[in-house]
Protein chains: 2
Amino acid sequence: MFESVREQTLAQRTVYTGRILNLRVDDVTLPSGKRAIREVVEHSPAVGILPVLDDGTVLLIRQHRYAVGEDMLEIPAGIVEGDEPFDEAARRELQEEVGYYPEHLREIGRIYNSPGFSTELMALFVATGLRPSKLQEDDDEYISVVPVARGEIPALLAGGTLRDAKTFAALSWWIAFGEGR
Amino acid sequence: MFESVREQTLAQRTVYTGRILNLRVDDVTLPSGKRAIREVVEHSPAVGILPVLDDGTVLLIRQHRYAVGEDMLEIPAGIVEGDEPFDEAARRELQEEVGYYPEHLREIGRIYNSPGFSTELMALFVATGLRPSKLQEDDDEYISVVPVARGEIPALLAGGTLRDAKTFAALSWWIAFGEGR
């Protein structure tokens, strides 16, 4: 029987307040009685969407990611704005990044990307019944849409070219459980 | 044809240097010519390991995660120490957290958990041929091992109780591509 072992917060201080994240450093007492610090990146929730066309083709996007210095192949994703519901954020990002509106949106998971230090929670969706509908992208986004046939997904996952966690997760889930299985 | 669009770094300043992460704030010029800042969390690489017993049972761990304030069900994982090779880090964490040494260790992916703001790269492994071998845990880790039969994984993924991205990814991959399929 698991007993939750929590750390007691002694003090919290926000050392940085920024554009997409804040950094908090907490003093805590461990169950052992020892003291430690916990560094916590406060980040808004986000959504990631796997768009699947009627023929089973999935739509990925390619963009350069400054933080990691690489061009990444990813599912459309973005930060939830204010009190925007997750499903609305998913429909907005899908229209902004790939230019489709989904008739069907299925949430397949709600996961923390780095629970060791970040509060970022991501809702993962599969979008089907796609109808062309374009919303203006954020002006600091430079992305290209990359259609991937369903049969190419296993090689993409095995080849090491997929470097994005949410995309690795969504495509693996789709192969394991998707209707197209 | 995709042309990589990069942002030009004008200045970098490290606003926090810490225990498991640093925070850097860069001034950049966007391709549009507009200026912006990029917040980058510098984090060491990490490993995540899906341990699979000979009968197909996977071993997960449950622990409280301070940053997100939840008890999480996760695959064993940890930060790579110094210039430790990823596979050695995986063997070490596996022995520390679940008490097994893997005869076979297969890397299934190398992914960025949050490429929008974090440099954290995670190597994902599947560990088989498990032999009992316990290494002392870090003294600030309080975890319990949770065996999960292979047949229970789909319900676990569908039930929303799995809140950890690397675990969602590894289990989905295992169902999609694992030998036990």
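Residues numbered from 1 in each chain as written. Chains lettered and ligands numbered in written order. Predicted model: local features only at pLDDT ≥ 70, side-chain atom pairs only at ≥ 80, totals over all residues. Heavy atoms only, no water.

As for the overall build of chain A
Helices and strands together make up the secondary structure of chain A, namely three helices and 10 strands. Across chain A, helices and strands are ordered from the amino to the carboxyl terminus as β-β-β-β-β-β-β-α-β-β-β-α-α. Considered along the principal axes of its C-alpha atoms, chain A spans approximately 60 × 40 × 30 Å. Residues counted as buried form 55% of the 181 residues belonging to chain A. When contacts within chain A are restricted to residue pairs at least 6 apart in sequence, long-range pairs at least 24 apart make up 56% of them. Accessible area of chain A: about 7600 Å², with a carbon and sulfur share of 46%. (Helix = DSSP H or I, 4+ residues; strand = E, 2+ residues; numbered from the N terminus. Buried < 20%, exposed > 50% of the residue type's maximum accessible area, 1.4 Å probe, protein only. Contact = heavy atoms within 4.5 Å. Areas by Shrake-Rupley, 256 points an atom, 1.4 Å probe, with all protein chains shown as cover.)

Considerations on the pairing of strand β5 (residues 58-65) of chain A
Residue and element names in this part refer to chain A. With seven of its eight residues buried, β5 lies for the most part within the structure. When β5 meets strand β10 (residues 143-148), the two strands line up antiparallel, connected through six bridges. Bridging across to β10, Val-58 finds its partner in Val-148. Taken together, the five bridges between β5 and strand β6 (residues 70-74) define a ladder with antiparallel strand orientation. Of the residues in β6, the one forming a bridge with Ile-61 is Glu-74. (Pairing = 2+ DSSP bridges.)

Notes on the relation of the copies chain B and chain A
The two copies are related by a screw operation: chain B maps onto chain A through 180 degrees of rotation and 0.0 Å of translation along the axis, at an RMSD of 0.0 Å. With respect to symmetry, the two chain copies, as superposed, fit the operation of a two-fold axis. (Least-squares fit on C-alpha atoms with pLDDT ≥ 70 in both.)

Here we look at the domain arrangement of chain A
Residues and elements named next belong to chain A. The assigned domain composition of chain A is domain 1 (8-43) and domain 2 (46-177). Taking only C-alpha atoms, the centre of domain 1 and the centre of domain 2 are 30 Å apart. With six residues of domain 1 at the interface, the matching set in domain 2 holds five residues. Overall, the association of domain 1 and domain 2 removes approximately 520 Å² of surface from exposure, summing both partners, and the carbon and sulfur fraction of that is 57%. Applying the counting rule to domain 1 against domain 2 returns zero salt bridges. Where domain 1 packs against domain 2, one counts three residue pairs in polar contact (both at pLDDT 80 or more). For the side of domain 1 that touches domain 2, the class distribution of residues is three nonpolar, one polar and two charged. (Domains from an automatic or database assignment. Buried area = accessible area lost by both parts, 1.4 Å probe. Salt bridge = Lys/Arg side-chain N within 4 Å of Asp/Glu carboxyl O. Polar contact = N/O pair within 3.5 Å; in protein donor to acceptor, adjacent residues only side chain to side chain. Nonpolar A, V, L, I, M, F, W, Y, C, P; charged D, E, K, R; others polar.)

Some details on the interface of chain B and chain A
In this complex, chain B contributes 74 residues to the contact, which on the side of chain A involves 73 residues. Carbon and sulfur atoms make up 63% of the surface buried where chain B meets chain A, a total of about 6300 Å² over both sides. Scanning the region where chain B abuts chain A turns up one salt bridge. Our count for the chain B to chain A interface comes out at 21 residue pairs in polar contact (both at pLDDT 80 or more). For the side of chain B that touches chain A, the leading source of residues is helix α3 (residues 165-177) of chain B, giving nine residues.

Some words on the pattern of salt bridges
Opposite charge on two side chains allows them to pair when their charged atoms are near. Scanning the model with the defined rule gives 29 salt bridges over all chains in all. Of the charged contacts, one joins Glu-7 of chain B and Arg-38 of chain B as a salt bridge, the two residues approaching to 2.9 Å between their closest N and O atoms. Residue Glu-7 of chain B is located in the segment before β1 (8-17), and its partner Arg-38 of chain B is located in strand β3 (residues 35-43); the two are separated by 31 residues in the primary sequence. Here Glu-7 of chain B matches Arg-38 of chain B in class, with each residue buried. With a closest N to O distance of 2.9 Å, Arg-163 of chain B and Glu-70 of chain B form a salt bridge. Here the residue Arg-163 of chain B occupies a position in the loop between α2 (153-158) and α3, and Glu-70 of chain B occupies one in strand β6 (residues 70-74), the gap between them amounting to 93 residues. Overlapping salt bridges, with partners in common, bring together Glu-81, Glu-84, Arg-92, Glu-93 and Glu-96 of chain A in one network.

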